[in-house]
Amino acid sequence: MENHAYSGGPADNGKAENRSVASPMNSSTTLQTISDDTKTSTSTTRDKWGRDIEFMLSCIAYSVGFGNIWKFPYTALKHGGGAFLLPYLIVLFIVGRPIYYLEMILGQFSSRGCVKLYDLAPAMRGIGVAQTIAMFVVMTYYAPVLAITFRYFVASFSSTLPWSECNPSWSNCVNSSFVGKLEPTNTSVSLQSSAELFFLKEVIHKAPSLDDGLGIPDWKLALCLLFAWIVVATILIRGAKSTGKASYFLAIFPYVIILILLVQTVMLEGAMQGILYFITPQWDKLLSIEVWYEAVTQCFFSLSVCYGGIIAYSSFNNFSNNVHRDAVIISWLDTFTSIIAGCIVFGVIGNLAYVSGQPDIQKLARDGAGLTFMTYPDAIAKFQFLPQLFAALFFLMLFIVGVGSNLGVTTSIITAIRDQRPNLKHWQVVLGTVTMGYFFGLLYLTPGGFDFLDVIDYYGAKYVTLTFAVLELATVAWIYGVDRICRDIKFMLGIETSFYWRVCWGLIAPAATLLILIFSFADFELQKVPMGYNVLGLFIYAVAFLQLPGWYVYAIYRRRSKQMESLRKAARNALEPLDVWGPESDTVRLQYQTEEEQYQNIHPMHTSALRRIKKRMFNIG
């Protein structure tokens, strides 16, 4: 039995080479033969990228998104400015990059998505199912943010930016286009900028609370959401090949805009003060546990690891693609993008502080959507030269990076479905997924939508992802084994795995992720919304969490019914790889299984737990 997902690939031409069962440690000819066999040995093969560069560009488009543009700058400002960069870079080096490389290896080696991947330990398949649930939650609210971004992009072409001036019906409003320092008033009522009120009253029609329910979606945003999903569906409809072609634009063009925005930003008065404020270290913050916690959280959010998207994308790779190179390039490029985005955002905020006379830059910066849809438009409205151009470029950049990220999120879900139901046609799964995404997305475009988004993200994305990130790393590093991962890499790429990767996979990354989860649970509190919404969020988390024991029980039942094993033996063997585990190609998988069997015969499992750990992690003992 083999993995039949994504039928319709290259047919078997009947010319697969006869291969000797030789150790992959021999010559490089083995790698070439493996690469050839992956293309010819099966009659139904998985869809593949047109070129290896398309995989790297697609991963860049997926990883570089809203987390870099709006979350990183605010998080850095809040936790020490330039001092935050040091723990972030350390965390990137010992946690983010190793996990990124690990997920690339797993996806490429097995040609499986995040659910089917657990053929390596079928009892743990619930991890992949839970991650797919989390990805679906993310998909439902990611596109609505795209819709708002597109709404602002269209509004940028107005003769006068609509958020630059107050609507007569708005009270306590000051024009965002006003340049200068406001005179103090005798009233205690705080003033709001027209950019802030435009977002709250004209765009999302924000309700004071969720006490009266979500409300009705805004029809303009509903149309923008439809457009966003049409763009995503059009790119996805032909699978990896069309996604790969789109990646040239989605990954490269945003950097053109980013460089233009950076040049324009540094030329603004007061911009350098804002940039210096962003990068100036506050060294006392380094001693705070919260800073390190935020650094790891930001690393997960920014690189999009442990969500399933990286595994899905790498599963479309050719078997011998150099993912080690790709992981290093993408992880550093992601960090570089975050820093440049921070310079742009705080350069603009520095200009805002200069023209408004506000000495405290931190008071002008908001978190998340507030930074993007209130602070930034407020600053743009004060530009004296073509503010429409600056606004259009900024929101076009946001829309493009958002589409790239949404493609990865949606691809992960589509891949998980098709791995389990390969009889379904690709276009059917795409249309079904985007249709559900559209109708669920309307919930977030209601007056109570942003408060609802916070609840769903808190329970259904943050906690589900962190919980199952710990379980994913524990399963791969300790149940499947770091030593076996290294043998898989040697078989696939012909390279030895250094001590750095081994210790990061086996110790540092699982420990850091577990500490984040513990810290998060210690800091847990119910959201300040009606209890029904908290119950819904907890229900989503419970459904995801129960996937783990549910699939474990199912795996034991399957083994007992087929192998007639005892309960204890079935529970242990359900953690062993299935017979179909390995490379997609029949010929290559047969060689892999033969070599793995020979290795196990020569290196039997130690009875001592300590020796097993030393052997599994460091290949010694």
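A brief structural summary. Throughout this description, residue numbers start from 1 for each chain and increase along the sequence as written. Local features are withheld for residues below a pLDDT of 70 in this predicted model, meaning they are given only at 70 or higher, and side-chain atom pairs are given and counted only at 80 or more; totals for whole chains, interfaces and linings count all residues. Excluding hydrogens and water, the side-chain figures rest on all heavy atoms present in the structure.

### Remarks on the overall build of the chain
Looking only at helices and strands, the chain has 22 helices and two strands in total. Only protein chains enter the calculation, and the probe is 1.4 Å; a residue is then buried if its accessible area is under 20% of its type maximum, exposed if over 50%, and partly exposed in between. Across the 621 residues of the chain, 58% fall into the buried class. Once local pairs closer than 6 in sequence are excluded, the contacts in the chain between residues at least 24 apart make up 82%. All accessible-area figures derive from a Shrake-Rupley calculation using a 1.4 Å probe, and residue coverage is judged against the displayed protein chains alone. Approximately 25700 Å² of the chain is accessible, and the part contributed by carbon and sulfur atoms is 63%. Only DSSP runs of H or I with at least four residues qualify as helices, and only runs of E with at least two residues qualify as strands; both kinds are numbered from the N terminus onward. The contact criterion used is simple: two residues touch if any of their non-hydrogen atoms lie within 4.5 Å.

### Some points on helix H16 (residues 449-493)
In a regular helix each residue adds 1.5 Å, so 45 residues correspond to 66 Å; H16 covers only 47 Å between its end C-alpha atoms and thus falls short of that length. The largest bend in H16 comes to about 90°, at glycine 481. Within H16, 38 of the 45 residues are buried, which leaves it mostly tucked inside the rest of the structure. Just downstream of H16 lies glycine 494, where phi reads positive at about 70°. A helix is expected to span 1.5 Å for every residue after the first. Two axes enter the definition of the bend at a residue: one is fitted to the seven residues ending there, the other to the seven starting there, and the bend is the angle between them.

### Re the environment of glycine 244
Mapped onto the elements, glycine 244 comes out in helix H8 (residues 240-266). Each residue touching glycine 244, except ones within four places of it in the same chain, is listed here: Trp49, Glu54 and Ser58.

### Details of the packing of helix H4 (residues 82-110) against helix H10 (residues 289-303)
Direction vectors running N to C along H4 and H10 enclose 45°, while the axes themselves pass 9 Å from each other. When the interaxial angle is binned, H4 and H10 end up oblique. Considering how the two elements wind past one another, H4 and H10 form a crossing that is right-handed. Facing H4, whose interface residues are Phe84, Pro87, Tyr88, Ile90, Val91, Leu92, Val95, Gly96, Arg97, Ile99 and Tyr100, H10 presents Val291, Trp292, Glu294, Ala295, Val296, Gln298, Cys299, Phe300, Ser302 and Leu303. Note on residue classes: Ala, Val, Leu, Ile, Met, Phe, Trp, Tyr, Cys and Pro are nonpolar, Asp, Glu, Lys and Arg are charged, and everything else, Gly too, is polar. When its residues are assigned to classes, the contact of H4 with H10 shows 16 nonpolar, three polar and two charged. Axis lines are fitted to C-alpha atoms, over the contacting stretch for helices. Their N-to-C directions set the angle, which ranges from 0 to 180 degrees. Oblique is the label for any angle not covered by the other classes, which are roughly parallel (under 35 degrees), roughly antiparallel (over 145) and roughly perpendicular (65 to 115). Left-handed is the label given to a crossing in which the near helix is rotated counterclockwise from the far helix by less than a right angle, and right-handed is the label when the rotation is clockwise.

### A word on the nonpolar core
By size, the foremost hydrophobic cluster in this structure holds 192 residues, and its most contacted members are Ile148, Trp163 and Phe199. In terms of residue count, H16 provides more of this core than any other element does, 25 residues in total. What is meant by a nonpolar core is a set of buried Ala, Val, Leu, Ile, Met, Phe, Trp, Tyr and Cys residues, joined one to another through side-chain atoms within 4.5 Å.

### Side note on the pattern of salt bridges
For this analysis, a salt bridge means a side-chain nitrogen from Lys or Arg found within 4 Å of a carboxyl oxygen belonging to Asp or Glu. For the structure on display, the rule yields 15 salt bridges. A salt bridge links lysine 48 to glutamate 584, with the shortest nitrogen-to-oxygen separation between them at 3.2 Å. Of this pair, lysine 48 sits in the loop between helix H1 (29-40) and helix H2 (52-63) while glutamate 584 sits in the loop between helix H20 (567-573) and helix H21 (586-602), placing them 536 residues apart in sequence. Classification of lysine 48 by relative accessible area gives buried; the value is 16%. Note that glutamate 525 and lysine 528 form a salt bridge whose closest N and O atoms lie 3.9 Å from each other.

### A closer look at a nonpolar patch on the surface
The patches reported here contain residues having more than 30% relative accessible area and no salt bridge. Joining distances are 9 Å for like charges and 5 Å for nonpolar side chains (Val, Leu, Ile, Met, Phe, Trp, Tyr). Taken together, Phe521, Phe524, Leu526, Met531, Val535 and Leu538 make up a surface patch of nonpolar side chains, about 520 Å² in accessible area. When residues of the nonpolar patch are assigned to their parent elements, the largest contribution, three residues, is made by helix H18 (residues 531-545).

### Side note on the packing of aromatic side chains
Each Phe, Tyr or Trp ring (for Trp, its six-membered ring) is paired with any other whose centre lies within 6.5 Å, and the angle between the two planes then decides the class: stacked below 30 degrees, edge-to-face above 60, tilted in between. Enumeration according to the criterion identifies 53 aromatic pairs in this entry. On the basis of an interplanar angle of 35° and a centroid distance of 5.7 Å, the ring pair of tyrosine 101 and tryptophan 505 is categorised as tilted. You can see tyrosine 101 sitting in helix H4 and its partner tryptophan 505 sitting in helix H17 (residues 499-522), a full 404 residues away along the chain. Aromatic pair tyrosine 459 and phenylalanine 524: ring centres 6.2 Å apart, planes at 65°, arrangement edge-to-face. A residue pair is termed long-range when its members are at least 10 positions apart, and tyrosine 459 in helix H16 and phenylalanine 524 in the loop between H17 and H18 qualify at 65 residues. Given a relative accessible area of 2%, tyrosine 459 falls into the buried group. The class for phenylalanine 524 is partly exposed, based on a relative accessible area of 32%. In this structure an aromatic cluster arises from ring pairing among Tyr152, Trp163, Phe198, Phe199, Phe373, Tyr376, Phe383, Phe390, Phe394, Phe395 and Phe450.

### Quick word on the packing of helix H14 (residues 387-420) against helix H15 (residues 426-441)
The contact between H14 and H15 brings their axes to 10 Å, and the two run at 130°. It follows from the interaxial angle that H14 and H15 lie oblique. Where H14 crosses over H15, the two elements pack in a sense that is right-handed. Contacts between H14 and H15 involve Thr410, Ile413, Ile414, Ile417 and Arg418 from the first element and His426, Val429, Val430 and Thr433 from the second. In the contact of H14 with H15, the residues fall into five nonpolar, three polar and one charged.

### Comments concerning empty space enclosed by the protein
Two kinds of site are reported from a 1 Å grid over the protein atoms alone, namely cavities, where a 1.4 Å probe fits but cannot get out, and pockets, open sets with protein on both sides within 12 Å along at least five of seven lines, and residues are called lining when an atom falls within 4 Å of a point. Grid points are joined across faces, edges and corners, and a volume is the space filled by probe spheres set on the points. All chains considered together, the criterion is met by three cavities of 30 Å³ or more. When its volume is computed, the largest cavity comes out at roughly 100 Å³. Gly239, Ala240, Phe316, Thr411 and His426 are, among the 12 residues lining the largest cavity, the residues nearest its centre. No other element matches the three residues that H14 contributes to the lining of the largest cavity. Residues that form the lining of the largest cavity fall into these classes: seven nonpolar, five polar and no charged.

### Some points on the state of the cysteines
Disulfide: a pair of cysteine sulfur atoms within 2.5 Å of each other. Evaluation of the coordinates by the stated rule reveals one disulfide. In this model cysteine 166 forms its disulfide with cysteine 173; the gap between the sulfur atoms is 1.9 Å. Residues cysteine 166 and cysteine 173 share a disulfide whose torsion about the S-S bond is about -85°; that sign makes it left-handed.

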